[in-house]
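Letter by letter, the chains look like this.
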Amino acid sequence: MSGIPHVLAVAGSDPSGGAGVQADIKSIMACGGYGMAALTALTAQSTQGVSAVHAPPTGFLRQQLDTLASDVRIDAVKIGMLGTAAAIDTVSAWLDALPERPPVVLDPVMVATSGDRLLDPEAERALHGLIARADVVTPNLPELAALVDEPVARDWGVALRQVRGLAARHDVLVLAKGGHLDGPRCPDALVGPDGPIATFDDERIPTTSTHGTGCSLSSALATLYARERDWPWATRLARAWVRRAIEAADALDVGRPGGHGPLHHAHALWSGERPPRRSAEPDAWWEDIAALRRELDEVWFVRQLADGSLDPARFAAYLEQDALYLGAYARLLERASELAPDSAESAFWAEAARRCVTEELALHRSYLAPGGADDGSSPHAAAPSAETAAYLAHLERAAQAGDHAVLVAALLPCFWLYQDLGARLASVSREGHPYAEWLDAYGDPGFASATAEAIAWTRRAARAASDDRVARMRAAFETSCRHELAFFAQTGATTP
Ligand SMILES: Nc1ncnc2c1ncn2[C@@H]1O[C@H](COP(=O)(O)OP(=O)(O)OP(=O)(O)O)[C@@H](O)[C@H]1O
Ligand SMILES: Cc1ncc(CO)c(N)n1
């Protein structure tokens, strides 16, 4: 599918706008899709609860679906409140009659956040027939319990077992949601018949504004799957988007106290972000350079550095080049600080530049001139190698283009690859290790938190960037990663 996905919600109406098709359309739009809705039921509902439900005849539901499908390409379907067994059977029959079935996300709505029932008890059995036609099912814990005919899971381990049973029974993916757990965490897991394929664990957001979280999440998931064609990534993007809509929810101030307010569906859009995209996530760039990271681990220099067998002369040759590199890198961090869009980010890159000189460069000098006075003079006379010069030229070009987003993406691998290496080498025995100080510097929790922050600023820039700009960011990131690899490899290639 190219272009804007057409996403159909088959669900009930919530006039308060927090759940049902109102939430679906808002979520689909915020996630980059064109939203459509066929109504299964009307509710009289507010943030305080549901006072009545009115269902049109199922023949009319079928007519809505047929009329739509005869005209519009449907790239994904989200199914929410169905209300009765007859409506469930109608939707199943319609799906079976389609020449080609689009991806289907089924949110098996049984009970509203307020506790009101939204599905006839006798219809629960009929739901199994529809689950078997879905690609992903997104029950909350009480719905999951009803579907597997067991008590509601009170701990996550039990929930995961129940979910796996449901996934295996119908050969579908099930997204287990921890919204109804007690305690400070809010885990979710995407589980197939063979077990979890993606797990998520975040802090619970302290708010009562959770009306329609399930509707919003499942619509976001359908839309993002239509765009990305990858369930774990679509889930990840949808969750991240929903979480931020929950965080911003209280600002909407909808409804009297004591109820459950809606999420802020437009929050990310109004903050200047584009709809969620895998391509705009630094974690995706990192995932995509997995082969390069494996190659880096195999570099002879890195292996000998890790086990301490590295010839000190070779280490010194590396440090000389790295000291040259870091001097220039610190100036480029300052440039990122100048270009940053606000003072909080500007302060971060300025501090990173300072630490690059006072900590990293100082460490290099202490190795190169042990006991020598640190008078700021360069302890080395080396000229930049071809590898050092090429890496710096790449970074300088990014700086000269004056595009903040591309520059920070280019600067990121120098944090991330070292932090990752440092964290993985943290367990190496330091006893008599000649390079213990070097290993400690990059395994340090302070360096890890600086790296996390550098990733977060880069992510913020990417989420707001156009597709073209994201592509330039990603290319700059990957090129820097290749230069990092060449930089480590250079010392092993020549005799010092
Ligand atoms: N307080 C919270 N903090 C963070 N995440 C939450 C919170 N409440 C719900 N979520 C998340 O929202 C999503 C929906 O989960 P939940 O279990 O609430 O679904 P639901 O009960 O079907 O929703 P609803 O009936 O309100 O539409 C999940 O990703 C869940 O982890
Ligand atoms: C119409 C409708 N669908 C779903 C839910 C579940 O939150 C709700 N409260 N209302």
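From a predicted model like this one, the values you see are computed outputs, not experimental measurements. (Residues numbered from 1 in each chain as written. Chains lettered and ligands numbered in written order. Predicted model: local features only at pLDDT ≥ 70, side-chain atom pairs only at ≥ 80, totals over all residues. Heavy atoms only, no water.)

**Quick notes on the packing of helix 13 (residues 312-339) against helix 15 (residues 386-400)**
Note the cut-off: Working convention: axes come from line fits to C-alpha atoms, limited for helices to the stretch in contact. Angles between N-to-C directions cover 0 to 180 degrees. Helical segments are the DSSP runs of H or I of at least four residues, strand segments are the runs of E of at least two, and each set is numbered from the N terminus. Here is the rule for angles: anything less than 35 degrees is roughly parallel, anything more than 145 is roughly antiparallel, 65 through 115 is roughly perpendicular, and the remaining ranges are oblique. Working rule for contacts: check all heavy atoms of both residues, and any pair within 4.5 Å makes them a contact. Under this grouping Gly is polar, as are all residues other than the nonpolar Ala, Val, Leu, Ile, Met, Phe, Trp, Tyr, Cys and Pro and the charged Asp, Glu, Lys and Arg.
Two elements in contact, helix 13 and helix 15, have axes whose closest approach is 10 Å; the angle formed by their N-to-C orientations is 5 degrees. On the basis of the axis angle, helix 13 is roughly parallel to helix 15. Side by side, helix 13 and helix 15 meet where Q321, L324, Y325, A328, Y329, L332 and R335 of the first sit next to T388, Y391, L392, L395, E396 and A399 of the second. Its residues assigned to classes, the contact of helix 13 with helix 15 comprises 9 nonpolar, 2 polar and 2 charged.

**Considering the domain arrangement of the protein**
Applicable threshold: Boundary definitions for the domains trace back to an automatic or database domain assignment. Should a side-chain nitrogen of Lys or Arg be within 4 Å of a carboxyl oxygen of Asp or Glu, the pair is scored as a salt bridge. Identification of polar contacts relies on pairs of N or O atoms within 3.5 Å, with a donor-acceptor requirement for protein atoms, meaning one able to donate a hydrogen and the other able to accept it, and with residues adjacent in sequence counted only if both atoms are side-chain atoms.
Under the domain assignment used here, the protein contains domain 1 (6-275) and domain 2 (283-493). One C-alpha centre belongs to domain 1, the other to domain 2, and the line joining them spans 43 Å. Contacts between domain 1 and domain 2 engage 7 residues on the former and 7 residues on the latter. Summed over the shared surface of domain 1 and domain 2, the number is 1 salt bridge. A salt bridge links D283 to R236; the shortest N-O distance between them is 2.6 Å. Summed over the shared surface of domain 1 and domain 2, the number is 3 residue pairs in polar contact (both at pLDDT 80 or more). When grouped by side-chain class, the residues that make up the side of domain 1 that touches domain 2 number 2 nonpolar, 1 polar and 4 charged.

**A word on the UniProt feature "domain: Pyridoxamine kinase/Phosphomethylpyrimidine kinase" (unreviewed entry) in the protein**
Threshold: UniProt positions are given in the numbering used here, feature names are shortened, and annotations may be inferred rather than shown by experiment.
The UniProt entry lists residues 14-263 under the feature "domain: Pyridoxamine kinase/Phosphomethylpyrimidine kinase" (unreviewed entry), expressed in the numbering used here. Regarding residues 14-263, the helix share stands at 40% and the strand share at 20%, and the terminal C-alpha atoms are separated by 14 Å.

**Side note on unusual backbone geometry**
The bulk of non-glycine residues show a negative phi, and the bulk of peptide bonds are trans. Worth spelling out the cut-off: Exposed residues in this analysis have more than 50% of their type's maximum accessible area, buried residues have under 20%, and partly exposed residues fall in between, with area computed by a 1.4 Å probe over protein chains only.
Backbone geometry at D171 places phi at a positive 55 degrees, although glycine is not the residue there. By the secondary structure assignment, D171 is in the loop between helix 6 (156-170) and strand 7 (173-177). Located in the positive-phi region is D253, a residue other than glycine, with phi close to 55 degrees. With respect to the helices and strands, D253 occurs in the loop between helix 8 (231-247) and helix 9 (267-270). Judged by its relative accessible area of 64%, D253 falls in the exposed class.

**Comments concerning empty space enclosed by the protein**
What counts is decided by this rule: We place a 1 Å grid over just the protein atoms. Points where a 1.4 Å probe fits but has no way out form a cavity, open points with protein on both sides within 12 Å along at least 5 of 7 lines form a pocket, and any residue with an atom within 4 Å of a point lines it. Grid points are joined across faces, edges and corners, and a volume is the space filled by probe spheres set on the points.
For the coordinates displayed, the defined rule picks out 2 cavities of 30 Å³ or more. Every residue lining the largest cavity is counted, 13 residues in all, and those nearest its centre are R244, E273, P276, E281 and R463. Ranked by the residues each element gives to the lining of the largest cavity, the list is headed by helix 8, at 4 residues. Among the residues making up the lining of the largest cavity, the classes are represented as 7 nonpolar, no polar and 6 charged. One number sums up the size of the second largest cavity: a volume of about 30 Å³.

**Describing the sheet that holds strand 8 (residues 185-192)**
Going by this rule: Any two strands with at least two DSSP-identified bridges between them are counted as paired.
An order of 3-2-1-4-5-6-7-8-9 is seen for the 9 strands of this open sheet, with the pairing classed as mixed. Only two strands of the sheet have a single partner each, and these edge strands are strand 3 (49-54) and strand 9 (195-203). By the bridge criterion, 3 bridges tie strand 4 (residues 76-79) to strand 5 (residues 104-106) in an arrangement that is parallel. In the strand pairing of strand 5, I79 is matched with L106. Of the strands in this sheet, strand 1 (6-13), strand 2 (34-46) and strand 4 touch helix 1 (residues 20-30), which is tilted by about 160 degrees from strand 1.

**Focus: the nonpolar core**
For clarity, the threshold we go by: What is meant by a nonpolar core is a set of buried Ala, Val, Leu, Ile, Met, Phe, Trp, Tyr and Cys residues, joined one to another through side-chain atoms within 4.5 Å.
Formed by 72 residues in total, the largest nonpolar core has its most connected members in Y329, W349, F415 and W438. Among the elements that make up this core, the one with the highest residue count is helix 16 (residues 404-424) (14 residues). Not counting residues up to four positions away in its chain, the partners in contact with Y329 are C356, L395, L411, C414 and F415. In terms of nonpolar packing, the next biggest core, distinct from the first, is built from 43 residues, M110, L119, L127 and A153 among them.

**Some thoughts on the packing of aromatic side chains**
Aromatic ring pairs are defined here through the distance separating the ring centres and the angle between the ring planes. What counts, and what does not: For Phe, Tyr and Trp, rings pair up if their centres lie within 6.5 Å, where Trp contributes its six-membered ring, and each pair is then called stacked (planes under 30 degrees apart), edge-to-face (over 60) or tilted (otherwise).
On inspection of all chains with the given rule, the structure shows 23 aromatic pairs. Centre to centre, the rings of F301 and Y318 are 4.7 Å apart; their planes meet at 40 degrees, and the pair counts as tilted. Here Y318 lies in helix 13 and F301 lies in helix 12 (residues 300-307), a separation of 17 residues in the sequence. Overall, F301 belongs to the buried group, its relative accessible area being 0%.

**What about the site of ligand 2?**
Put simply, the test is: We call a residue near a molecule or strand when any one of its heavy atoms sits within 4 Å of it. In short, Shrake-Rupley with a 1.4 Å probe defines the accessible areas, and a residue's cover is counted only from the protein chains shown. Occupancy of a cavity or pocket is assigned to a molecule whenever over half of its atoms lie within 2 Å of that pocket's grid points.
Every residue close to ligand 2 is listed here: G12, S13, A19, G20, Q45, M81, V109, A112, L118, H211 and C215. When isolated, ligand 2 has an accessible area of 290 Å², and the protein chains bury 95% of it. Most atoms of ligand 2, that is more than half of them, are within 2 Å of grid points of the largest pocket. Residue composition of the shell around ligand 2, by class: 6 nonpolar, 5 polar and no charged.

**Digging into the environment of R169**
Mapped onto the elements, R169 comes out in helix 6. The class of R169 is exposed, set by a relative accessible area of 54%. Residues R169 and I131 lie 38 residues apart in sequence; the distance between their C-alpha atoms is 9.8 Å. If we skip the residues at most four places from it in the chain, R169 touches H128 and L147.

**Regarding the pattern of salt bridges**
Per the stated rule, a full pass over the model turns up 31 salt bridges. With a closest N to O distance of 3.0 Å, R469 and D403 form a salt bridge. Of this pair, R469 sits in helix 19 (residues 467-493) while D403 sits in the loop between helix 15 and helix 16, placing them 66 residues apart in sequence. For D403, a relative accessible area of 11% corresponds to the buried category.

**A word on a nonpolar patch on the surface**
Applied cut-off: In this scheme, patches are assembled from residues that exceed 30% relative accessible area and form no salt bridge. Like charges are connected within 9 Å, while nonpolar side chains (Val, Leu, Ile, Met, Phe, Trp, Tyr) are connected within 5 Å.
A surface patch of nonpolar side chains, amounting to about 380 Å² of accessible area, comprises M29, L269 and W270. Within the secondary structure, M29 sits in helix 1. With relative accessibility at 55%, the residue M29 sits in the exposed group.

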